[in-house]
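# Architecture at a glance
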Amino acid sequence: MIGIRPERDEAETVHAIHAAAFETDQEARLVDRLRAAGDIACSLIALDGERAIGNVILSPMGAEIDGRRIRAVALGPIGVLPDRQDEGVGEALVQAAIAWARGEGFAAMFLLGAPEYYGRFGFSAEAARRFASPYAGEHWQALALDETFSPSGSGRADYAPAFAAFEGA
Ligand SMILES: CC(C)(COP(=O)(O)OP(=O)(O)OC[C@H]1O[C@@H](n2cnc3c(N)ncnc32)[C@H](O)[C@@H]1OP(=O)(O)O)[C@@H](O)C(=O)NCCC(=O)NCCS
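Residues take numbers from 1 onward in each chain, read along the sequence in its written order. For a predicted model such as this one, the threshold for reporting local features is a pLDDT of at least 70, and the threshold for listing and counting side-chain atom pairs is 80 or more; totals across whole chains, interfaces and linings nevertheless cover every residue.

Check the secondary structure of the protein chain and you find five helices and 10 strands. Scaling as 2.2 N^0.38, a compact globule of 169 residues should have a C-alpha radius of gyration of about 15 Å, and the protein chain matches this with 15 Å. Principal-axis analysis of the C-alpha atoms gives the protein chain an extent of 45 × 30 × 25 Å. Helical segments are the DSSP runs of H or I of at least four residues, strand segments are the runs of E of at least two, and each set is numbered from the N terminus. The reference for a compact globule is 2.2 Å times residues^0.38; the radius of gyration itself is calculated from the C-alpha atoms.

Rendered as structure tokens:
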């Protein structure tokens, strides 16, 4: 039975999950930098019994549309241990992250990822296109969480500074 709960100061566990899930430790080190900067808004751990098998990180963004600030949060990195992928753990983590962000009153969530995976949760490149970003392209996606994320206009959505040193984004 898979459970999801907030991280409880488990930096080493979270680092190990991302180091195992991704090809390099780049994402794990990104999480460490976000943590050091105090830029982890939410860290959720997927558990199978006592075993931590997945993690998703949400970090605050500086976002505005037509000069008006909106509350936005970035999803990622998200990682599931290789021997536990394709079982729905990632989906449970994304759904829990969206529920957390809605509950906290965020207007939008952004991410960089495969459209064929994140489309199932409602993310789209179309929604993100109006937001200038160095990561603009088909992998740059957004999900509206409330009505303040207006369907028109243009703006920007900036990741936390720790992402600046990240080449995989
Ligand atoms: C991506 C990841 C978090 C998904 O979690 P998961 O628990 O394995 O995935 P789920 O069981 O929720 O979903 C499985 C589905 O996702 C798809 N999927 C998994 N990784 C994918 C990827 N990188 N691109 C596109 N689709 C992907 C699978 O093909 C499967 O599709 P289906 O439902 O149509 O059969 C996990 O596979 C992982 O940690 N991968 C390595 C790290 C990584 O790439 N992180 C994401 C970077 S954006």
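We are not done yet, so read on.
Okay, the site of the ligand next. For each residue, a C-beta atom is positioned from the backbone; the residue is called near a molecule or strand if that atom sits within 6 Å of it. In the vicinity of the ligand, 16 residues are found, and the nearest of them are Gln85, Gly90, Glu91, Gly113 and Ala114. Looking at side-chain class alone, the shell around the ligand contains seven nonpolar, five polar and four charged residues. Any residue outside Ala, Val, Leu, Ile, Met, Phe, Trp, Tyr, Cys, Pro, Asp, Glu, Lys and Arg is labelled polar, Gly included; the first ten of those are nonpolar and the last four are charged.

We define a nonpolar core as a collection of buried residues of the types Ala, Val, Leu, Ile, Met, Phe, Trp, Tyr and Cys that are connected via C-beta atoms lying within 7 Å of each other. To sort residues by burial, count the other C-beta atoms lying within 10 Å of each one's C-beta; a count of 20 or more means buried, 12 or fewer means exposed, and anything in between means partly exposed. C-beta atoms are built from the backbone. In terms of nonpolar packing, the biggest core is built from 48 residues, with Val56, Ala72, Ala97, Ala108, Met109 and Phe110 touching the most fellow members. For the purpose of contact definition, each residue receives a C-beta atom placed from its backbone, and two residues are in contact when these atoms lie within 7 Å. Those residues in contact with alanine 108 that lie beyond four places of it in its chain are Ala63, Ile70, Ala72, Ala142, Leu143, Ala144, Leu145 and Phe149.

Further remarks concern the sheet that holds strand S5 (residues 68-70). Two strands qualify as a pair provided that DSSP identifies no fewer than 2 bridges between them. In spatial order, the strands read S5-S4-S10-S8; together these four strands make up an open sheet with mixed pairing. The sheet is open, and its two borders are formed by S5 and strand S8 (131-132), each paired with just one other strand. When S8 meets strand S10 (residues 155-158), the two strands line up parallel, connected through two bridges. Bridge assignment links phenylalanine 131 to a residue of S10, and that residue is glycine 155.

Once that is clear, we can look at unusual backbone geometry. A cis amide bond, omega 0°, links glycine 76 with the succeeding residue proline 77. In this fold, proline 77 is placed in strand S6 (residues 72-80). Non-glycine residue aspartate 9 carries a positive phi angle of around 50°. Along the chain, aspartate 9 falls in the loop between strand S1 (2-6) and helix H1 (11-21). You will see that aspartate 66, though not glycine, has its phi angle at about 50°, which is positive. Mapped onto the fold, aspartate 66 is located in the loop between strand S4 (62-65) and S5.

What follows deals with helix H2 (residues 26-36). Turning to H2, its buried residues are Glu27, Ala28, Leu30, Val31 and Leu34. Buried residues of H2, viewed axially, fall in a sector of 160°; they line one side. Contacts from the buried residues of H2 go to H1, strand S3 (51-60) and S6. Directly after H2, the chain includes glycine 38, whose backbone phi takes a positive value near 70°. By definition, the arc is the one covered by directions from the helix axis to the C-beta atoms.

The mixed open sheet is built from six strands, whose spatial order is S1-S2-S3-S6-S7-S9. Lying at the two open borders of the sheet, with one neighbouring strand each, are S1 and strand S9 (140-144). Put simply, the sheet's adjacent strands are angled 25° from each other on average, direction ignored. Where strand S2 (residues 42-48) meets S3, seven bridges bridge the pair, whose relative direction is antiparallel. The residue of S3 that forms the bridge with cysteine 42 is leucine 58. Fitted lines through C-alpha atoms serve as axes, helices being fitted only where they are in contact, and the angles separating the N-to-C directions of these axes extend from 0 to 180 degrees. The strands touched by H1 are S2, S3 and S6; relative to S3, the strand with the most contacts, the crossing angle is about 95°. Across the sheet, H2 lies against S3 and S6, angled at about 140° from S6, the strand it touches most.

Take valine 14: it is sitting in helix H1. For the pair valine 14 and alanine 142, spaced 128 residues apart in sequence, the C-alpha to C-alpha distance is 25 Å. Valine 14 has contacts with Glu7, Val31, Ser43 and Asn55, leaving out every residue within four places of it along the chain.

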